[in-house]
Amino acid sequence: MRSDSYTESRGATEDYVSPFSGLSPFGEAVDEAVEQSAAEFDESPFESYSFTESPFGESEYSAADEQSQLATEFLEALHDEEFTEALEQLLDAGAARALADAQQWSMTPSEAECRESLQEWIAPLITEWERTIDNFAGGLENADLHGLAEQELDELLDSLETPGALGSEVFENFLGKIVRKVKSVIKQKVRQAIGFVKNPVKGVIGIAKSGLKTIKSGLQTIGKHLIGPLLARLKKIGLSLLKGVVAKLLNPLTRILPAEIRPLVPILAKRLGIGEAADEASDEADEAADEFGTAAEMSEAFDQQLFAMFSAEDADEADEFDEAGADEFDEADAEEPEHNTVAELDDARARLAAQLSAYTGSEEPIAEIEQFIPAVLAIRPLLKLGLKVTGARAKLVNLIAQPLAKLIKGMVGPDAARIIGKIAGQDPSVMIARAVVGVGFTALGLETAGHEEDTIPGEALASAVEATVTRVLDELPDEALADPLQVSAAVQRAFAESAAAYLPDRLLRADLPERETAEEGGFWVMMPRSTKPRYRFRKYTRVFAMPIPRQVARAVRWNDGGTLETYLLDRGVDRWPVHAEIDLYETLPGTMLGHLTRDETLPAAEHPGAEEFQPLTAEAAGLLLREPALGRRRKVGTAPGAYRPVPGQRYFRVRVAKLPARKARRPRRLTTVRWDPATKRLGIVIKLSERRARGLQARLQRAAPAGQRDLPAVLSALREIFLPRLQYRIARRLLKAQLVTDPVAAAKLAGELTAATSTGLATYLAQRGAQFAAAVADPADGVTLAVTFTGVQADSAQLPAPEVVATPGLK
């Protein structure tokens, strides 16, 4: 039976707008969303979950079980994809700041100088964080939190949040997201306190009773005796996170957080009953960790620290957290810096480049390559073949160095360097500057150098050697690394691919299948030149000037969950095809996307954001450049960290002339899934840029071309945004939150929630379009649509009705 809302919405749209030219100005792609939702659900949402039969009876429910359940609920309530992205954005801004400072020095700045600059940069954010927490503490100290309903508590917390004028969108965005976590912790602590007082026996059995014993005079003292100390510790943990940001920027391959706050995580592990196992596996875990990770790992560790603080059993344990996480924060300048493997690799790479360019020996340069390989091994997240054992490590170095030295023998020495330099042409910055003068851009002015840079040939060879070593380690399993024949075969194959990438095409055989371009191409040069040898990325010397048809733009995925088409439309493109220039970049160990924004070959007036750099997959390279071999095979997703740089990853940036100077604010993620385990509330957040929101509003007005509200087109456009992979993402979230433990049931429930989201939006558009119009009319950039299901149960038969609300701005 059809609902009344369905009948009403259908009756309002009896006249449909034709897709043919001249009849509908609404140009969004609306046909692919339904098909795409089914096609993109081919990835199993259950790969990370396994279920085994418990050997215990159903009655065996211990304090550890309760504690594990508490941890799951707490961490799920804190889980925030947007916080991870805000942290990634903060890291990128800091990386750009650090590299910009380094470009101003005539010589490489010391670590102390870099640290001082970064601390000055982040100081306003630290000050504002402390002020914000103090505001919460002052406002909650004497508040009667027990007498407040949850909505009233939300309103009180919102009133205590007074954003400061930081003058930085990055700082303000990060502060807003971390404050959202603070409010979540406060609300959970208030619920916990009320539950403890109502049922003290259960509270004693449970482990999460920090501060509850101090409530002597009733629930009215929660704010003073419980929330106040909680916020004081929260402030210190937040300061430690910001200190971790500076540490990560100084040394991108450091562990997730500084040494002084790592003790908090083992405390949590011990609390969860895995302390002994964690102690035994700690060394192995450090080696196996993804050391190239940034925001996702830092965000997870931050949440674990918050839980460790939240579940402290008494004041003494809380003091232990304070000592572990805060005392050394004040002693940062006295710390011994961690081993900087990136800087050592920079130095080793420069040394090898110089040695190969000046080599005059008659034998293969085995010794030079053997000295270089350990620097590449040092940045590997996993040490293979027990390489801590000196003999195994030396044997592997020799097995790789010997065949590699034979392969490059004919390309080393001063004569070979001159030949390579002659083929490469002038200073690469000159080549790039000359290439970008074509579609209305102005060159940076580096072409005045007028001289050939003699380090380029050696750097090209060093890049080929480094890539060869990396490819061999990636390709061969552990047992094969001890076999000379297998290593030699892998070196030969890897070197052919690496030489094709990092040496000029005219040095290569015309029939070499590993060539990256069918026509004359460029080669990859380490940048920025002003900071050598502290290079942070490579850039391709050829800039591709290409027309981009709308059909191609629609097929290229973007990291916000949209496409290149939506990106260009938001930037102001109104005609197709778009004549654009496409720059290509490649990451080095330690590269952050913020480093790419400091490309010194760009016009001086250009200040790109990190979000403009997109992964150059084989598919994107084929569509945009017609050279798929320039891309790198890597799955492109929309989860936090999916676009995190890893060494050797390639990126592209599209530049279009004569676009408006002011960039409209765009959401960093079009769709977000939020889950509150306490209220079983699932939220689907859809963010619309100002351009897209106004386009949808135009179709909702009766002044549309057909004189009718074009609701089908509006709903289809929204489905195009939220539908892809939504069922998969909801299913993963439900399983992780343990609301549903059966994978099949999770997929079914997620599918019904996805369908209900579409139905809820259809009803909203038909009945409450005026609210959407008011949000569009607001001066804030963009509109946020929130579809909320409160009281979601594992039984899909009890699916709650969705509530849809539109608010101005991108929240």
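Before going into details, it helps to say that this report is about the structure given with it. (Residues numbered from 1 in each chain as written. Predicted model: local features only at pLDDT ≥ 70, side-chain atom pairs only at ≥ 80, totals over all residues. Heavy atoms only, no water.)

**Topic: the overall build of the protein chain**
- For the protein chain, the count of helices and strands is 29 helices and ten strands.
- Taken over 811 residues, the protein chain has a buried fraction of 53%.
- If you sum the accessible surface of the protein chain, you get close to 35800 Å²; carbon and sulfur atoms cover 53% of it. (Helix = DSSP H or I, 4+ residues; strand = E, 2+ residues; numbered from the N terminus. Buried < 20%, exposed > 50% of the residue type's maximum accessible area, 1.4 Å probe, protein only. Areas by Shrake-Rupley, 256 points an atom, 1.4 Å probe, with all protein chains shown as cover.)

**A closer look at the packing of helix α19 (residues 456-475) against helix α20 (residues 484-502)**
- Where α19 contacts α20, the axes come no closer than 8 Å and their chain directions differ by 140°. By the criterion of interaxial angle, the relationship of α19 to α20 is oblique. The chirality of how α19 crosses α20 is right-handed. On the side of α19, the interface is formed by Ala460, Ser463, Ala464, Ala467, Thr468, Arg471, Val472 and Glu475, while α20 contributes Ala490, Val491, Arg493, Ala494, Phe495, Glu497, Ser498, Ala499 and Tyr502. (Axes fitted to C-alpha atoms, helices over the stretch in contact; angles between N-to-C directions. Parallel < 35°, antiparallel > 145°, perpendicular 65-115°, else oblique. Left-handed = near helix turned anticlockwise from the far one by under 90°. Contact = heavy atoms within 4.5 Å.)

**Here's the deal with the pattern of salt bridges**
- Evaluated as defined, the whole model comprises 43 salt bridges.
- Across the salt bridge formed by Lys187 and Asp154, the nearest N and O atoms sit 3.0 Å from each other. Of this pair, Lys187 sits in helix α7 (residues 169-198) while Asp154 is found in helix α6 (residues 150-160), placing the two residues 33 residues apart along the sequence.
- Its relative accessible area of 25% is what places Asp154 among the partly exposed residues.
- Linking Arg681 and Asp676 is a salt bridge whose minimum nitrogen-to-oxygen distance equals 3.9 Å.
- Since its relative accessible area comes to 29%, Arg681 is described here as partly exposed.
- Here the residues in one salt-bridge network are Asp346, Arg349, Glu466, Glu516, Arg536, Arg538, Glu586, Arg632 and Arg650, joined through shared partners. (Salt bridge = Lys/Arg side-chain N within 4 Å of Asp/Glu carboxyl O.)

**Observations regarding the packing of aromatic side chains**
- Summed over the entire model, instances satisfying the criterion amount to eleven aromatic pairs.
- With 5.7 Å between their ring centres and 20° between their planes, Phe83 and Phe302 make a pair best called stacked. One end of the pair, Phe83, is in helix α4 (residues 81-103); the other, Phe302, is in helix α12 (residues 295-310), and 219 residues separate them in sequence.
- Overall, the relative accessible area of 0% leaves Phe83 in the buried class.
- An angle of 50° between the planes, with centres 4.9 Å apart, marks the rings of Trp524 and Tyr540 as tilted. Here the residue Trp524 occupies a position in strand β1 (residues 524-527), and Tyr540 occupies one in strand β2 (residues 537-540), the gap between them amounting to 16 residues. Each member of the pair, Trp524 as well as Tyr540, is classed as buried.
- Grouping aromatic residues by their ring pairs yields a cluster made of Phe74, Phe307 and Phe310.
- The lysine or arginine in question, Lys181, covers the ring of Phe83, its NZ or CZ lying 4.7 Å from the ring centre.
- Positioned above the aromatic ring of Phe310 is the side chain of Lys189, whose terminal nitrogen or guanidinium carbon lies 4.4 Å from the ring centre. (Phe/Tyr/Trp six-rings, centres within 6.5 Å; stacked < 30°, edge-to-face > 60°. Lys NZ or Arg CZ within 6 Å of the ring centre and 35° of its normal.)

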